[in-house]
Amino acid sequence: MRQRQDAAALRGLIAGALADPRTGWSLGAYGAAILVPPGARPLPGRLAAVVPGGALAFGDPGALRAFAYETALGGGAWSHAVALCLPAESCPTGLPDRVTALGPDRAAARPEDRDGELFDLGLGLRAARLCLRARDGAALAALRAARGRAPSEAVLAALLALPCDRVVLAGGHRAEALHRGEARPGEDAGPRLQILPKLLRQRRSHAATAPIPAGLVPIGSLQPPHPLAGGGFDAARHRAFQALLAAFGDPDLLALKRRVLAGEAVPPPATRAGRGSLRVAQAQARWRDGPGPA
């Protein structure tokens, strides 16, 4: 499913999500991404937001494609997200497979960070570049000394232990997680870099359970507030995400869900995505019609 999308609608989706402090974000690749918790505060005049300890900034979103989907989790639960994707042919190739200096980070979200030096860690991922940014002498010296080294797990562990900002660059868009030292008890940890070596080794663009259309490579996602957050079923949140599914999801999967929710007996679908959508619809029907799963 490769649908054409209206550029104004896509910009409106991103701007609206940035303005909603309940929305969570991720930017990066499968197995290596910066996770931005809810609490963003939009920056006037920019498609960007700041959060305690970091920032999220979008360039021209014209090349992006949004894809809304739900995933069955079992036990009457499900997740939902809107993936932000690039066409595979638009993803860069020939990215460094060694630690590489990129120079000063002139596009940093905060002016005071623009003299920090960026270093690509050399993961060679199509979706995003994982970088460290340093201004401190010792950390900067260590990164410079690592130039040209392959990013083995030992090298990555050593570099990620440095007191540096984490920066993900993806198709003209970025997320930043600022180094703030050890979080104190009760302190919001803010954005954080998550690296899962086992997933990185798979060299996949996304999880097998995510029904991303062929030809699209996710570079991030936004997670609107979930209807089950808080223990009950929030019908308004549910309706809000169903509207996103109608605008940015797979119309065939949405039609299948609507048949189930209307009470129609639907035979098991032939595709994995269809079977997942069937389970989500059945779970949502139980919550809609009663107190949810026992």
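Above this note sits the structure.
The structure displayed is predicted, hence computed values, not measured ones. (Residues numbered from 1 in each chain as written. Predicted model: local features only at pLDDT ≥ 70, side-chain atom pairs only at ≥ 80, totals over all residues. Heavy atoms only, no water.)

**Q** Help me understand the packing of aromatic side chains in this model?
**A** Any aromatic ring pair is given by two values, namely how distant the centres are and how the planes are angled relative to each other. All told, the structure shown has two aromatic pairs when counted by the stated rule. Seen in terms of ring centroids, Trp25 and Phe58 are 5.7 Å apart; in terms of plane orientation they differ by 50 degrees. Their pairing is tilted. Residue Trp25 is found in strand S1 (residues 24–29), and its partner Phe58 is found in the loop between strand S5 (54–57) and strand S6 (65–74); the two are separated by 33 residues along the sequence. Residue class for Phe58 comes out buried when judged on its relative accessible area of 10%. (Phe/Tyr/Trp six-rings, centres within 6.5 Å; stacked < 30°, edge-to-face > 60°. Helix = DSSP H or I, 4+ residues; strand = E, 2+ residues; numbered from the N terminus. Buried < 20%, exposed > 50% of the residue type's maximum accessible area, 1.4 Å probe, protein only.)

**Q** Honestly, the pattern of salt bridges in this entry has me stumped. Any pointers?
**A** Scanning the model with the defined rule gives 17 salt bridges in all. Salt-bridge contacts for Glu70 lead to Lys257; the nearest nitrogen and oxygen are separated by 2.8 Å. Of this pair, Glu70 sits in strand S6 while Lys257 sits in helix H6 (residues 251–261); the two residues are 187 residues apart in sequence, bridging distant segments of the chain. Note that Glu153 and Arg201 form a salt bridge whose closest N and O atoms lie 2.6 Å from each other. Here the residue Glu153 occupies a position in helix H3 (residues 153–160), and Arg201 occupies one in helix H4 (residues 197–202), the gap between them amounting to 48 residues. (Salt bridge = Lys/Arg side-chain N within 4 Å of Asp/Glu carboxyl O.)

**Q** Would you mind showing me how to read the sheet that holds strand S3 (residues 41–42) here?
**A** Spatially, eight strands are ordered S3-S4-S5-S12-S11-S10-S9-S8 in an open sheet, and the strand pairing comes out antiparallel. Edge strands, defined here as strands with exactly one partner in the open sheet, are S3 and strand S8 (100–104). Across the sheet, helix H2 (residues 137–146) is in contact with strand S9 (117–120) and strand S10 (129–134); its angle to S9 comes to roughly 35 degrees. (Pairing = 2+ DSSP bridges. Contact = heavy atoms within 4.5 Å. Axes fitted to C-alpha atoms, helices over the stretch in contact; angles between N-to-C directions.)

**Q** What is the right way to look at the side chain of Arg166 in this model?
**A** Checked against the element boundaries, Arg166 lands in strand S11 (residues 165–170). We note that Arg166 is buried and unpaired, the nearest opposite charge coming from Asp165 at a distance of 7.3 Å. Setting aside its immediate chain neighbours within four residues, Arg166 contacts Ile34, Cys131, Leu132, Leu160, Ala175, Glu176, Ala177 and Leu193. (Lys, Arg positive; Asp, Glu negative; His and termini not counted.)

**Q** Looking at this structure, how should I read the packing of H6 against helix H7 (residues 272–289)?
**A** The geometry of H6 relative to H7 is characterised by a closest axis approach of 9 Å and an angle of 40 degrees between their N-to-C directions. For the crossing formed where H6 meets H7, the hand is right-handed. The segment H6 lies against H7, with Leu253, Leu256, Lys257, Val260 and Leu261 engaging Ala273, Gly274, Ser277, Leu278, Val280, Ala281, Gln282, Gln284, Ala285 and Arg288. The class makeup of the residues in the contact of H6 with H7 is nine nonpolar, four polar and two charged. (Left-handed = near helix turned anticlockwise from the far one by under 90°. Nonpolar A, V, L, I, M, F, W, Y, C, P; charged D, E, K, R; others polar.)

**Q** Before we go on, may I ask you to explain the sheet that holds strand S2 (residues 32–36) in this structure?
**A** Strand-to-strand pairing in sheets goes through backbone hydrogen bonds, with the strands running parallel or antiparallel. An order of S6-S7-S14-S1-S2-S13 is seen for the six strands of this open sheet, with the pairing classed as antiparallel. The outermost strands of the open sheet, each flanked by one partner alone, are S6 and strand S13 (192–195). Sheet twist, expressed as the mean angle between neighbouring strand axes with direction ignored, is 30 degrees. For S1 and S2, the ladder comprises five bridges, and the chain directions are antiparallel.

**Q** I'm lost on unusual backbone geometry in this one. Help?
**A** Excluding glycine, a negative phi dihedral is what most residues carry, and trans is how most peptide bonds are arranged. Phi at Arg203 is positive, roughly 55 degrees, even though this residue is not glycine. Here Arg203 lies in the loop between H4 and strand S14 (216–223).

**Q** I keep staring at the packing of helix H5 (residues 235–248) against H6 and nothing clicks. Help me out?
**A** In helix packing, the relevant descriptors are the interaxial angle and the interaxial distance, both defined with respect to the helix axes. Direction vectors running N to C along H5 and H6 enclose 140 degrees, while the axes themselves pass 9 Å from each other. As the angle between them shows, H5 and H6 are arranged oblique. On the side of H5, the interface is formed by Gln242, Leu245 and Ala246, while H6 contributes Leu254, Lys257 and Arg258. Counted by class, the contact of H5 with H6 contains three nonpolar, one polar and two charged residues. (Parallel < 35°, antiparallel > 145°, perpendicular 65-115°, else oblique.)

**Q** I tried to follow the pairing of S9 on my own but got confused; where do I start?
**A** The side chains of a regular strand alternate between the sheet's two faces. Note that S8 and S9 share four bridges and pair antiparallel. Following the sheet pairing, Ala101 is matched in S9 by Phe119. Of the strand pairs in this sheet, S9 and S10 are connected by four bridges, and their pairing is antiparallel. Bridge pairing in S10 links Phe119 to Leu132.

**Q** Got a minute to help me understand the pairing of S10 in this structure?
**A** With respect to burial, S10 is a largely interior element, five of its six residues being buried. For S10 and S11, the ladder comprises five bridges, and the chain directions are antiparallel. Looking across to S11, one finds that Leu132 is bridged to Arg166.

**Q** Quick question: what am I supposed to make of the state of the cysteines here?
**A** Applying the stated rule across the entire model yields zero disulfides. Of the cysteine sulfurs around Cys91, a residue in no disulfide, the closest is that of Cys85, at 9.3 Å. Under the relative-accessibility criterion, Cys91 is labelled buried at 6%. (Disulfide = S-S within 2.5 Å.)

Remember, this is a structural readout, not a statement about activity or role.
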